[in-house]
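The residues making up each chain are set out below.
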Amino acid sequence: IDISAVGILNKDHKVGDLGVVTTFEDKTCGNRIETFFNEVGVVGHVDPANPGIVCPDMSKLIYNQATCLLGRKNVHDNVGLVVVKGPRFSMKSESLHNQDEGWDAVGMTSLPGPFLSEEAGLCHSTLILYTDKDCCFKAYEQETDEVKAQSVPEVMKQNVGKAVDVVGAVAGKLASMSEPCSCGCADRAKSCVVTDPDARDPEIAARLGEHIFSENN
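Now for a look at the structure at hand. Just so it is clear, the structure is predicted and the values come from calculations on it, not from any experiment.

### Here we look at the pairing of strand E5 (residues 126-133)
And step 1. Extensive coverage of E5 is indicated by the burial of six of its eight residues.
And step 2. Both strand E1 (residues 2-8) and E5 contribute to a ladder of seven bridges, which runs parallel. Across the sheet, residue Ile-3 finds its bridge partner in E5, namely Leu-127.

### Examining the pairing of E1
And step 1. Where burial is concerned, most of E1 is hidden: five out of the seven residues are buried.
And step 2. Where E1 and strand E4 (residues 105-107) come together, two bridges link them in antiparallel fashion. Looking at the pairing, Ile-8 lines up with Ala-105 of E4.

### With respect to the nonpolar core
And step 1. Within the largest apolar cluster, 21 residues are counted, with the highest numbers of intra-cluster contacts made by Phe-24, Leu-81, Ile-128 and Tyr-130.
And step 2. Among the elements of the structure, E1, strand E2 (18-27), strand E3 (75-84), E4 and E5 are those that each provide at least two residues to this core.
And step 3. If you tally residues by element for this core, the top one is E3, at five residues.
And step 4. When neighbours within four sequence positions are excluded, Leu-81 is seen to be in contact with Val-6, Val-21, Thr-23, Phe-24, Glu-25, Trp-103, Ala-105, Val-106, Gly-107, Ser-110 and Ile-128.
And step 5. Counting residues in hydrophobic clusters, the runner-up holds 15 residues, among them Cys-55, Met-58, Val-166 and Val-170.

### Topic: helix H1 (residues 56-70)
And step 1. Along its 15 residues, H1 runs 21 Å from first to last C-alpha, staying within 8% of the 21 Å computed at 1.5 Å per residue.
And step 2. When we look at burial in H1, the residues that qualify are Met-58, Ser-59, Leu-61, Ile-62, Tyr-63, Gln-65, Ala-66 and Thr-67.
And step 3. Gly-71 sits one or two positions beyond H1 and adopts a positive phi of about 90 degrees.

### A short note on the side chain of Thr-195
And step 1. Inspection of the secondary structure assignment puts Thr-195 in the loop between helix H5 (145-175) and helix H6 (202-208).
And step 2. Looking at Thr-195, its side chain comes within polar contact range of the main-chain nitrogen of Val-43, at 2.7 Å.

### Considerations on the side chain of Ser-125
And step 1. Along the chain, the position of Ser-125 falls in the loop between helix H3 (113-120) and E5.
And step 2. Among the polar contacts made by the side chain of Ser-125, one reaches the side chain of Ser-59 at a distance of 3.0 Å.
And step 3. Sequence-distant contacts of Ser-125, that is, excluding residues within four places in its chain, are made with Ile-1, Asp-2, Cys-55, Met-58, Ser-59 and Ile-62.

Cut-off values and rules
Residues numbered from 1 in each chain as written. Predicted model: local features only at pLDDT ≥ 70, side-chain atom pairs only at ≥ 80, totals over all residues. Heavy atoms only, no water. Buried < 20%, exposed > 50% of the residue type's maximum accessible area, 1.4 Å probe, protein only. Helix = DSSP H or I, 4+ residues; strand = E, 2+ residues; numbered from the N terminus. Pairing = 2+ DSSP bridges. Core = buried A, V, L, I, M, F, W, Y, C linked by side-chain atoms within 4.5 Å. Contact = heavy atoms within 4.5 Å. Expected span 1.5 Å × (residues − 1). Polar contact = N/O pair within 3.5 Å; in protein donor to acceptor, adjacent residues only side chain to side chain.

See the structure below:
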């Protein structure tokens, strides 16, 4: 479970709310290592578009536990998150563009975790914590730097407490499950390797792990 503090782009979402992400836009400019297939010897291509790079079962479980604890008005599902390079915040033109494109939130830290989890055969879900409104809102301009410096850390502190409660509830549910997750995340990487078996570097293949190599791959 990835937990990330974000800024609000959707006018219907509020500071202090939580959200469960279902789709991303990657604007990190390729400056992060986002694959385990980064060495010559084994080539693989996972497909984040089908069925997506978040685990639907895990995301549903997180949403259900969060709404039980915090209420449906304070938790949002099917959230679209644009992830930027950072560490700087967005310029107003960038913020307005992201809002016009229909994204709900903007953050810096939620990628490339989902890509790496898909390659590793792990269930992955992203829980976001809304700490402030992004600069596309007029209210942002009306707040002084002193107000922002005081309010954002306090909101983050409150949100961390909420996230701890949600993750604890999710962990309790997972511990009581008699069957493993039925989403198929563990098997999604098995069909991604395109390098012929006879041409693979055995050391790299061993390091990538047996979960990637099915009997027919």
